[in-house]
Amino acid sequence: MSEQPAAPADHPRQQLEPAAADAVRAYAARTRENADQFAAVLEDIAANGLPSLEDCTPWEELREAHLARLASQRPAVA
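Residues numbered from 1 in each chain as written. Predicted model: local features only at pLDDT ≥ 70, side-chain atom pairs only at ≥ 80, totals over all residues. Heavy atoms only, no water.

A. Region of interest: the overall build of the chain. In terms of regular secondary structure, the chain is built from 2 helices and 0 strands. Among the 78 residues that make up the chain, the fraction classed as buried is 1%. Counting only carbon and sulfur atoms, one obtains 59% of the accessible surface of the chain, whose full area is about 7900 Å². (Helix = DSSP H or I, 4+ residues; strand = E, 2+ residues; numbered from the N terminus. Buried < 20%, exposed > 50% of the residue type's maximum accessible area, 1.4 Å probe, protein only. Areas by Shrake-Rupley, 256 points an atom, 1.4 Å probe, with all protein chains shown as cover.)

If you want it as C-alpha coordinates, here you go:
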(Lines give C-alpha, C1' and ligand atoms only; values in the text may rest on other atoms or scores of the structure.)
Protein backbone atom coordinates (compact mmCIF):
# COMPACT_ATOMS: atom_id res chain seq x y z
CA MET A 1 0.00 0.00 0.00
CA SER A 2 1.41 3.32 -1.04
CA GLU A 3 2.11 6.04 1.50
CA GLN A 4 1.45 8.72 -1.12
CA PRO A 5 -2.12 9.77 -1.93
CA ALA A 6 -3.38 8.98 -5.39
CA ALA A 7 -2.89 11.53 -8.14
CA PRO A 8 -5.52 14.26 -8.00
CA ALA A 9 -8.61 13.60 -10.08
CA ASP A 10 -10.04 16.05 -12.59
CA HIS A 11 -12.29 17.38 -9.84
CA PRO A 12 -10.88 19.38 -6.94
CA ARG A 13 -11.20 17.78 -3.51
CA GLN A 14 -13.35 19.40 -0.85
CA GLN A 15 -11.22 20.59 2.05
CA LEU A 16 -12.25 19.76 5.60
CA GLU A 17 -12.82 22.33 8.29
CA PRO A 18 -9.76 22.57 10.58
CA ALA A 19 -11.59 20.91 13.49
CA ALA A 20 -12.75 18.03 11.26
CA ALA A 21 -9.24 17.57 9.86
CA ASP A 22 -7.86 17.47 13.41
CA ALA A 23 -10.46 14.85 14.36
CA VAL A 24 -9.53 12.70 11.35
CA ARG A 25 -5.83 12.97 12.22
CA ALA A 26 -6.56 11.99 15.83
CA TYR A 27 -8.58 8.97 14.66
CA ALA A 28 -5.76 7.95 12.33
CA ALA A 29 -3.25 8.22 15.19
CA ARG A 30 -5.43 6.07 17.50
CA THR A 31 -5.94 3.51 14.74
CA ARG A 32 -2.19 3.40 14.04
CA GLU A 33 -1.43 2.99 17.76
CA ASN A 34 -3.92 0.12 18.07
CA ALA A 35 -2.44 -1.58 15.01
CA ASP A 36 1.07 -1.20 16.43
CA GLN A 37 -0.02 -2.76 19.74
CA PHE A 38 -1.69 -5.65 17.94
CA ALA A 39 1.41 -6.21 15.78
CA ALA A 40 3.60 -6.20 18.91
CA VAL A 41 1.43 -8.91 20.50
CA LEU A 42 1.63 -11.04 17.37
CA GLU A 43 5.40 -10.59 17.18
CA ASP A 44 5.71 -11.61 20.85
CA ILE A 45 3.65 -14.75 20.20
CA ALA A 46 5.78 -15.57 17.15
CA ALA A 47 9.01 -15.11 19.12
CA ASN A 48 7.99 -16.67 22.45
CA GLY A 49 4.98 -18.89 21.75
CA LEU A 50 1.53 -18.69 23.27
CA PRO A 51 1.17 -17.63 26.92
CA SER A 52 0.21 -20.23 29.50
CA LEU A 53 -3.47 -20.62 30.31
CA GLU A 54 -2.86 -19.31 33.83
CA ASP A 55 -1.70 -16.00 32.36
CA CYS A 56 -4.77 -15.60 30.14
CA THR A 57 -8.18 -14.04 30.79
CA PRO A 58 -11.18 -16.07 29.57
CA TRP A 59 -12.92 -14.44 26.62
CA GLU A 60 -16.22 -14.38 28.52
CA GLU A 61 -14.69 -12.07 31.14
CA LEU A 62 -13.25 -9.84 28.45
CA ARG A 63 -16.62 -9.71 26.69
CA GLU A 64 -18.52 -8.82 29.87
CA ALA A 65 -16.01 -6.11 30.79
CA HIS A 66 -16.26 -4.63 27.30
CA LEU A 67 -20.07 -4.70 27.36
CA ALA A 68 -20.03 -3.00 30.76
CA ARG A 69 -17.74 -0.25 29.38
CA LEU A 70 -20.06 0.25 26.41
CA ALA A 71 -23.12 0.39 28.66
CA SER A 72 -21.50 2.98 30.91
CA GLN A 73 -20.72 5.22 27.92
CA ARG A 74 -24.28 5.15 26.61
CA PRO A 75 -27.10 6.97 28.35
CA ALA A 76 -29.89 4.77 29.69
CA VAL A 77 -33.06 4.54 27.63
CA ALA A 78 -36.36 4.67 29.48
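B. Inspection of helix 1 (residues 18-48) at higher detail. End to end, helix 1 covers 45 Å across 31 residues, agreeing with the expected 45 Å (1.5 Å per residue, within 8%). A positive backbone phi angle near 85° is found at Gly49, which sits one or two residues after helix 1. (Expected span 1.5 Å × (residues − 1).)

C. Spatial organisation of the pattern of salt bridges. One pass over the structure, following the stated rule, counts 2 salt bridges. For Arg25, the salt bridge identified is with Asp22, shortest N-O distance 3.2 Å. Taken as a pair, Arg25 and Asp22 lie in helix 1 at a separation of 3 residues, close to a single helical turn. Here Glu64 ties to Arg63 by a salt bridge, and the two come within 3.0 Å at their closest N and O atoms. (Salt bridge = Lys/Arg side-chain N within 4 Å of Asp/Glu carboxyl O.)

D. Quick peek at a nonpolar patch on the surface. Among the surface-exposed residues, Phe38, Val41, Leu42, Ile45 and Leu50 lie close enough to one another that they form a single nonpolar patch of about 500 Å² accessible area. Among the secondary structure elements, Leu42 is positioned in helix 1. Here Leu42 falls in the partly exposed class, since its relative accessible area comes to 42%. (Patch = residues over 30% accessible without salt bridge, like charges linked within 9 Å, V, L, I, M, F, W, Y side chains within 5 Å.)

It is worth stressing that arrangement in space is one thing and function is another; only the former is reported here.
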